[in-house]
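Residue strings, one per chain:
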Amino acid sequence: MAQEKREKAIDLSHHLSELSKKRQTSPLKGLAKYFGRPGLISLAGGMPSEAYFPFANIGGDALIPESFAVKADEQESSVSWFWKLFGKPKERTNPITVPKFPTKPDEINLAVALQYGMSTGLPQLQKFIDEFIAKVYQPAYSNCESLVQTGNTDGWSRAMQTLCNPGEMILTEDWTYPSALASARPFGIEPVPVPMDKEGMKSDELRKVLAEWDEKARGAKRPHVMYTVPVGQNPSGATMGAERKKEIYDICVEYDVIIVEDDPYFFLQMGEYKPKSIRDQQSAATESDDQFLANLAPSFVKFDYQGRVIRLDTFSKYIAPGSRLGFFTCNPMFSERLQRQGETSTQAPCGFGQSLIAQLLTTWKFNGYARWLHGLATQYTDRRNFFVDCFAEEFHLQLTTGAQGAWEGCAVYAASPKPRGNAMSEKYSVGTKMFSFVPPTSGMFLWINMHFENHPSIQSEPEETLEMKLWTKIADAGVLIAPGWYFAANDDIPEAGHGHFRISFSNAEFPDLKKAVQIFSKVTREFFEEQ
Ligand SMILES: Cc1ncc(COP(=O)(O)O)c(C=O)c1O
């Protein structure tokens, strides 16, 4: 949307929860605007003297933004683990330092970062984030704001409490991030699952849920809040494209729904998986960093001309989870309420983390951070490719097109055993379909659907029991994966009782990923032989 045509956010204050409405303006608010002002003699608060902070400066050796190649090539990752094994890191670093008392006024100031009063974050960090939001997410309204939080777990918890009253229901994907539900449930807030397909939440199903909402039958008002993980959907790995987002946004305008966009994997978009034989033939063109950003499926914020999206960003997946730092992108009214809430819990994200990350980002600058994110996206794409290739080595993978349900229209790989040794001696038929999956198009997870209907004991044991039995055997053999039922929004979703597993390819070294698939293969094959 052209900059000059953008309107201000509309008034959405009727979405605030009773709890949020009761939050008083903090007594410190009137003082806070003065904090951090150079030369201020502050005798107002219980502030310790900066002279007693035991750090004259903090710093570290930061990797350079070009540390990871942007050309999809699994060699790069394989070489890094090789070097690690032999204790020769090939990292190139630059020192960064945050002094307690810098000499220039616009430098990041450790004394300010470690003092009370920074609930909106370090000014230099805020500036960087605002520039980043404007360039990358391109909000469709003019007075969009950012506010630091301590990661998306905190972000969602604050957004949910700011918007929802006990007894309300929230719209979610059928399969969703369990920790988000665990935050909401103790407040008496339950999910309303909306069926998904390869792009995540389906717009026609969303409309159906909202249009046919029966308050009496449901025992709750029609939901006015949606929690969605549109990119690297956890657990399915789906990516929601621009058109779908626009459709969903328009339905949310029609039914007056606030969208909370939990988007920790936004920059880990990797496109469709191509089998190794095809990849080897095609040498993928390398995108520039600008092209990389421009080709990402956009955020809901890009369509948000009314200010009804609260976007949650986190540095957990791009810098480190221990940084406990992220930010909201939302309208000023929500931002103010979220800030009030933060003031009575964390006050502000940790000053050590904020100053180091602010120093890193302002040293790298926008272009450096874009380059870093581009490198990470390539790394995770290599991991995804390598991991799926491992399955192709271990199993006979048949490529089909999903006919119905969540995988309708997707390239689905159905895995059956590869004949080994004397195939005739094996109890199952070589064509027994044991599981299937759609390679993820973003994020960190492979979501697999077990075909326990082909297990010899299916007549006597329900799929949930088989799922847990197989999960235990795989864990006992030394590979920990996540059982599928963790991710079911509730028991009503059509496939809730079926066997699923979520397997992460984000952390283990390449040889361990390979070994894990070999163990998974052996245990699964044996399991499908059992009577
Ligand atoms: C969908 C989703 N939201 C939030 C989080 C947690 O994010 P943070 O570390 O920022 O709290 C995760 C982490 O796995 C996630 O998958």
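Here, every reference points to the structure presented above.
What comes next concerns the included structure. Because the structure is a prediction, the values reported are computed rather than measured.

## Describing the site of the ligand
Inference 1: Taken together, 14 residues lie around the ligand, and Asn 152, Thr 153, Asp 262, Tyr 265 and Ser 316 are the ones closest in.
Inference 2: In the complex, 91% of the free accessible area of the ligand, which totals 400 Å², lies under the protein chains.
Inference 3: When the residues that make up the shell around the ligand are grouped by side-chain class, the tally is five nonpolar, six polar and three charged.

## Focus on empty space enclosed by the protein
Inference 1: In this structure the tally under the stated criterion is three cavities of 30 Å³ or more.
Inference 2: In this structure, the largest cavity encloses a volume near 80 Å³.
Inference 3: As for the largest cavity, its lining consists of Phe 128, Ile 129, Phe 132, Tyr 137, Phe 267, Asp 313, Thr 314, Phe 315, Tyr 318, Phe 327, Leu 361 and Tyr 369.
Inference 4: Counting only elements with at least two residues in the lining of the largest cavity, the list comes to helix H5 (123-137), strand S10 (309-314) and helix H14 (351-394).
Inference 5: Considering each element in turn, the lining of the largest cavity owes the most residues, four residues, to H5.
Inference 6: In the lining of the largest cavity, the residues fall into 10 nonpolar, one polar and one charged.
Inference 7: As a volume, the second largest cavity reaches approximately 50 Å³.
Inference 8: Ser 119, Val 148, Gln 149, Thr 150, Asp 154, Arg 158, Gln 339, Gly 342, Thr 346, Gln 347, Ala 348 and Pro 349 are the residues that line the second largest cavity.
Inference 9: Only strand S3 (145-149), helix H6 (152-163) and helix H13 (332-343) provide two or more residues apiece to the lining of the second largest cavity.
Inference 10: Split by residue class, the lining of the second largest cavity holds three nonpolar, seven polar and two charged.

## Examining the sheet that holds strand S17 (residues 500-504)
To summarise the sheet geometry, strands pair through backbone hydrogen bonds and adopt either a parallel or an antiparallel arrangement.
Inference 1: If you trace the six strands from one edge of the open sheet to the other, you get S12-S13-S14-S15-S17-S16, paired in antiparallel fashion. The open sheet has two edge strands with one neighbour each: strand S12 (395-401) and strand S16 (482-483).
Inference 2: The sheet contact formed by S12 and strand S13 (residues 411-417) spans seven bridges and is antiparallel. By the bridge assignment for S13, Thr 400 is matched with Val 412.
Inference 3: Sheet strands touched by helix H16 (residues 510-529): S12, S13, strand S14 (435-437), strand S15 (445-450) and S17. Its angle to S15, the strand with the most contacts, is close to 10°.

## Description of the pairing of S10
Inference 1: Across the six residues that make up S10, a large majority, six, are buried.
Inference 2: In S10, alternate side chains face the same way, and those of Val 309, Arg 311 and Asp 313 on one face and Ile 310, Leu 312 and Thr 314 on the other are all buried.
Inference 3: In this structure, strand S9 (residues 258-262) lies alongside S10, joined through four bridges in parallel fashion. Residue pairing in the sheet places Ile 259 in a bridge with Val 309 of S10.
Inference 4: The sheet contact formed by S10 and strand S11 (residues 326-330) spans four bridges and is antiparallel. Within S11, the residue paired with Leu 312 across the bridge is Phe 328.

## Description of the environment of Val 438
Inference 1: Note on placement: Val 438 falls in the loop between S14 and S15.
Inference 2: Not counting residues within four places of it along the chain, the set of residues in contact with Val 438 comprises Trp 407, Cys 410, Ala 411, Val 412, Leu 446 and Trp 447.

## Here we look at the side chain of Thr 441
Inference 1: For Thr 441, the position within the fold is in the loop between S14 and S15.
Inference 2: Residue class for Thr 441 comes out buried when judged on its relative accessible area of 15%.
Inference 3: Once residues within four sequence positions are removed from consideration, Thr 441 is found in contact with Gly 237, Ala 238, Thr 239, Leu 268, Gln 269, Met 270, Gly 271, Glu 272 and Arg 384.

## Quick notes on unusual backbone geometry
Inference 1: Residue Pro 235 follows Asn 234 across a cis peptide bond; omega there is 25°.
Inference 2: Inspection of the secondary structure puts Pro 235 in the loop between strand S8 (225-228) and helix H10 (242-254).
Inference 3: One non-glycine residue, Gln 138, adopts positive backbone phi at about 50°.
Inference 4: Its place among the elements puts Gln 138 in the loop between H5 and S3.
Inference 5: On the basis of relative accessible area, Gln 138 is assigned to the partly exposed category, the value being 36%.
Inference 6: One non-glycine residue, Lys 365, adopts positive backbone phi at about 65°.
Inference 7: Checked against the element boundaries, Lys 365 lands in helix H14.
Inference 8: On the basis of relative accessible area, Lys 365 is assigned to the exposed category, the value being 52%.

What counts and how
- Residues numbered from 1 in each chain as written.
- Predicted model: local features only at pLDDT ≥ 70, side-chain atom pairs only at ≥ 80, totals over all residues.
- Heavy atoms only, no water.
- Near = heavy atom within 4 Å.
- Areas by Shrake-Rupley, 256 points an atom, 1.4 Å probe, with all protein chains shown as cover.
- Nonpolar A, V, L, I, M, F, W, Y, C, P; charged D, E, K, R; others polar.
- 1 Å grid on protein atoms, 1.4 Å probe; cavity = no way out; pocket = protein on both sides within 12 Å on 5 of 7 lines; lining within 4 Å.
- Points joined across faces, edges and corners; volume = space filled by probe spheres on them.
- Helix = DSSP H or I, 4+ residues; strand = E, 2+ residues; numbered from the N terminus.
- Pairing = 2+ DSSP bridges.
- Contact = heavy atoms within 4.5 Å.
- Axes fitted to C-alpha atoms, helices over the stretch in contact; angles between N-to-C directions.
- Buried < 20%, exposed > 50% of the residue type's maximum accessible area, 1.4 Å probe, protein only.

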